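Spelled out from the first residue to the last, the chains are:
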Amino acid sequence: METGIINQAIQKLCIAEGKEVNEVIQYLKLKYRIDIDPLVLQKRIDKLMNKGKAVA
């Protein structure tokens, strides 16, 4: 199953490139017209980071 647009953006920008949350919000808004709350996005980032640590 393919990951969602938001998770792909998080993995590409935050995890791979080390960008800030605000840059991910701007990317989603400009490219996909998705408006997301910063707190919700931060929780998703934390969840993905913890998931990655649990596997490693």
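Predicted model, so just to flag it, every value in this text is computed and none were measured.

Conventions we followed
Residues numbered from 1 in each chain as written. Predicted model: local features only at pLDDT ≥ 70, side-chain atom pairs only at ≥ 80, totals over all residues. Heavy atoms only, no water. Salt bridge = Lys/Arg side-chain N within 4 Å of Asp/Glu carboxyl O. Buried < 20%, exposed > 50% of the residue type's maximum accessible area, 1.4 Å probe, protein only. Helix = DSSP H or I, 4+ residues; strand = E, 2+ residues; numbered from the N terminus. Expected span 1.5 Å × (residues − 1). pLDDT = per-residue confidence, 0-100. Phe/Tyr/Trp six-rings, centres within 6.5 Å; stacked < 30°, edge-to-face > 60°.

Caption draft 1: Structural detail: the pattern of salt bridges. If you walk through the whole model with that rule in mind, you get two salt bridges. Between Glu23 and Lys19 there is a salt bridge, with its nearest N and O atoms 3.7 Å apart. For Glu23, a relative accessible area of 37% translates into the label partly exposed. A salt bridge links Asp35 to Lys29; the nearest nitrogen and oxygen atoms lie 3.7 Å apart. Asp35 sits in the exposed class, given a relative accessible area of 63%.

Caption draft 2: Local environment of helix 1 (residues 5-16). Taking 1.5 Å as the rise per residue, helix 1 with twelve residues should run 16 Å; its terminal C-alpha atoms sit 15 Å apart, in good agreement. A positive phi of about 70 degrees marks Gly18, the residue just after helix 1.

Caption draft 3: Broad picture of the confidence of the model for the protein. When the pLDDT values of the protein are averaged, the result is 89; 91% of them are 70 or greater. Across the protein, helix 2 (residues 21-32) holds the top mean pLDDT of 95, while helix 3 (residues 38-55) sits lowest at 86.

Caption draft 4: Representation of the packing of aromatic side chains. A complete count under the given rule lists one aromatic pair for this structure. Both rings, one in Tyr27 and one in Tyr32, keep their centres 6.2 Å apart while their planes meet at 80 degrees; by these two values the pair is edge-to-face. Relative accessible area serves as the criterion here: at 22%, Tyr27 is assigned to the partly exposed category. Judged by its relative accessible area of 34%, Tyr32 is partly exposed.

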